[in-house]
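Chains, contacts and geometry: an overview
Listed below are the residues making up each chain.
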Amino acid sequence: QDITPVTSVEGEQMLYPAKRHYPVSPDDSSAEPEVISWRLKERMRTVSVALVACLNIRVDPPDVIKPSPCARIECWTDPYSMSAPKALETIGKALEQQYQRWQPRARYKQSLDPTVEDVKKLCDSLRRSAKDERVLFHYNGHGVPKPTANSEIWVFNKSFTQYIPLSVYDLQTWLSTPSILVLDCSNAGVLVNQNQHRDEDLIILAACSVGETLPQNPDLPADVFTACLTTPIKMALRWFCTRPSPLLSVDPDLIDRIPGQLNNRKSVLGELNWIFTAITDTIAWNLLPPDLFQRLFRQDLLVASIFRNFILADRLLRSVNCSPVSIPRLPPSYQHPLWAAWDLAADVCLSQLPDILADPPRAEYRHSAFFTQQLTAFEVWLEFGSTSTRAARSKPLELPIVLQVLLSQVHRLRALLLLARFLDMGSWAVNHALSVGIFPYVLKLLQSPAAELREALVFIWAKILTVDTSCQLDLVRESGHLYFLHCLLAQENAPPANQQALALAVIAIIVGEHTESKEKCLEKNLIGAIMAKLQHDSPHLRRWAALCAAQLWGNYDRGKTQALDMQLPQAIGTRGLSDPDPGVRAASMYALGMYLRAEKDAGLDGTSGADKDTKKDTDGAKPEGAAPSGSNNAGGAARVDEEFGLIKLALGRLGDGSPIVRRELVLFLAAVVRRCEEGVVQAGIRLRASGYGPSVSSVASAVSAPGAAGGKVPQPPAAGSPGARRAAG
């Protein structure tokens, strides 16, 4: 009962009948905003990754004074626990494995303690192999001096006796664009100049701002920034353990033993990763402009993962007096209220960790209530917050979390019902849902056989296609139209009439413009489904059946022919035009008008436009009394008779009490005239011969040249005169 049923309100917003969907006046600020494009102009991939580490293990740079003890861990490896060459190699492999979790198909190349020539060869090679795709360049400069004021980083000479400067400008030239620079070194902000880096295809992530030094806290790794970007869950939990808490005391080493896999949402580690992804995605969606969110979080999988993790780095590094910076610049997110929800989820997990690890077979993990609580918060917003003037048409905070919940079978039904209520608020709500990335999720759910999801899914798709009809191409390409056809053709456990009407509305939009869509629906007996729905008890369903038929055969001769073979136009003319519901009668009249407009070049006499041109060129004037050119074809003659029968049925509604029906009748007659002007006279003659319409002489005088009778142009009869009343009749 929470979903508003579809109505037949005329116009584009036929699925938005509530009063709140329309402005009070033309100047009303609450009017529906224009729907912006949510589709990406192009997708991009990061196909090559350069890993450059300038560590010079056991040799500190001259401008850095390290306390004792200090941070030493690099890529979760202690370089002092093994020989320097072995440590460098181990760190390089570990860094590559950490990146491979986010983009396993990329091409990785390491350059450890390199020279300028090594870096140049590496960049040239990766750009050559990447072509027009994105290249990521990761720089770890913990073993060299800080970058210079001239935007230079440091590498080594061949003998490791000197530090050699490398201009970031040269580095960008070698890498070209599109590219990403990850700069993990002190004073990294000096390399990020907003005025110099205006290329939209260049992304820079720096560990700290100008003049800042990376933290040396021994409880944290030396590469906190890299750890946040590549191993966010492990880094976030270790940082959480360093915070003083009177209620929780966990050995940080236990974090490495958390059971599960990142991609298994039912495991402990997978659930934490799922919650983290939902929170960081939600923070980004609420803080960033829509176009920037689309570019950073929906265009490239690796870029999206890195920027989610960058939001974590912003929080963690600010706690140790560092401020990460980026191009494009992101607003501060370290104080967002959703971080409290993450802290609670981490607390719930870590509090159970000792018991889980003590007896893994018998220990029972209590899953986090995060998603249940967020769905409740979204429901509260729909109930109360969305009705306030201040919150109207604003972004609901929890919408990206609802998207993540669709992945869970436990919460999926509730999430879909809440999403349906949100989309029912207007086209602006559909636009928000599409911009956050809901489309591929609801498209994939059409493959689900679960009957309990059908009501919400059909309703959601009806709303989406009403606002953005371009989605129909994706729907047909993925065979999603079969889901709605199944709703119409199901014999057992048939959906309620309202759901079938929504399914017909979706099918009507799908077959509206594209021939391929019409053909695929015809193959699945759509005409038979429409015939059956014309006899349904629900006038709402009968109305949409007629509208769907109109969309099916509009500008599609094959659909018209098959419909005629199955007597669908006759069924609409006899049943639909005499239906007690005026909406059904209007829809039926519209369907018949579209039927006659289907063949653009054919006339009611059965002659195509090409045949007429040929006949004019060869035969000249047609002898009086000659039969129509299509009369030699028995099938064509029968088809013409059927069409004249439809015209008779339509003219029988001249006195219909509904103005909508009479309006559609006028458009129907306009279609008749437009289709074949020459056939109008013949139509009048045939109608008169069948006992209906004006006399033959009046038809002939109506189409004669002006002034033919005595050289005067006939004038219309005066208003209220018997002639005027007869003309109106």
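Our structure is the block above this text.
Residues numbered from 1 in each chain as written. Predicted model: local features only at pLDDT ≥ 70, side-chain atom pairs only at ≥ 80, totals over all residues. Heavy atoms only, no water.

What about the sheet that holds strand 6 (residues 179-184)?
This is how it is decided: At least two bridges found by DSSP between two strands are what make those strands a pair. For helices the rule is a DSSP run of H or I covering at least 4 residues; for strands it is a run of E covering at least 2, with both sets numbered from the N terminus onward. Simply put, an axis is a line fit to the C-alpha atoms, just over the touching stretch for a helix, and the angle between two N-to-C directions goes from 0 to 180 degrees. The contact criterion used is simple: two residues touch if any of their non-hydrogen atoms lie within 4.5 Å.
The strand order across the open sheet formed by six strands is 2-1-3-6-7-8, and the pairing between neighbours is mixed. Both edges of this open sheet fall to strand 2 (107-112) and strand 8 (325-327), since each of them pairs with a single strand only. Each strand of the sheet is rotated relative to its neighbour by a mean of 10 degrees, with strand direction disregarded. With five bridges connecting them, strand 6 and strand 7 (residues 202-206) associate as parallel partners. The partner of Ser-179 across the bridge, within strand 7, is Leu-202. Along the sheet face, helix 3 (residues 168-175) touches strand 3 (134-140), strand 6 and strand 7 and points at about 145 degrees away from the line of strand 6. The strands touched by helix 8 (residues 301-318) are strand 1 (46-53), strand 3, strand 6, strand 7 and strand 8; relative to strand 7, the strand with the most contacts, the crossing angle is about 30 degrees.

Some points on unusual backbone geometry
For the peptide bond that leads from Thr-177 to Pro-178, omega is 5 degrees, which places it in the cis range. Looking at the element boundaries, Pro-178 is found in the loop between helix 3 and strand 6. For the bond from Ile-327 to Pro-328, the omega torsion is 0 degrees, close enough to zero to count as cis. On the secondary structure map, Pro-328 appears in the loop between strand 8 and helix 9 (338-358). One non-glycine residue, Phe-160, lies in the positive phi region at around 60 degrees. Looking at the secondary structure, you find Phe-160 in the loop between strand 4 (152-156) and strand 5 (163-167).

With respect to the pairing of strand 2
Rule in force here: By convention, orient the strands away from the viewer: a clockwise path from the first strand over the helix to the second makes the crossover right-handed.
Two elements, strand 1 and strand 2, share six bridges in a ladder whose sense is parallel. In the strand pairing of strand 2, Leu-51 is matched with Gln-110. Read as a crossover between parallel neighbours, the route from strand 1 over helix 1 (residues 84-100) to strand 2 is right-handed.

Examining the environment of Val-672
Within the fold, Val-672 resides in helix 27 (residues 659-675). In this structure, the C-alpha to C-alpha distance between Val-672 and Leu-596, residues 76 residues apart in sequence, is 6.7 Å.

Quick look at the nonpolar core
Nonpolar side chains in soluble globular proteins tend to end up buried together. Our working rule: Nonpolar cores were defined as sets of buried Ala, Val, Leu, Ile, Met, Phe, Trp, Tyr and Cys residues, with membership established by side-chain atoms within 4.5 Å. Residue exposure (1.4 Å probe, protein chains only): buried if accessible area is under 20% of the type maximum, exposed if over 50%, otherwise partly exposed.
Counting 219 residues, the largest nonpolar core has Phe-422 and Trp-461 as the members making the most contacts within it. Non-local contacts of Phe-422, meaning those with residues more than four positions away in its chain, are made with Phe-378, Trp-381, Leu-382, Pro-396, Leu-399, Trp-428, Ala-429 and His-432.

A look at the environment of Ser-151
By secondary structure assignment, the location of Ser-151 is in the loop between strand 3 and strand 4. Overall, the relative accessible area of 12% leaves Ser-151 in the buried class. Remark: the alpha-carbon pair of Ser-151 and Leu-191, spanning 40 residues in sequence, is separated by 4.9 Å.

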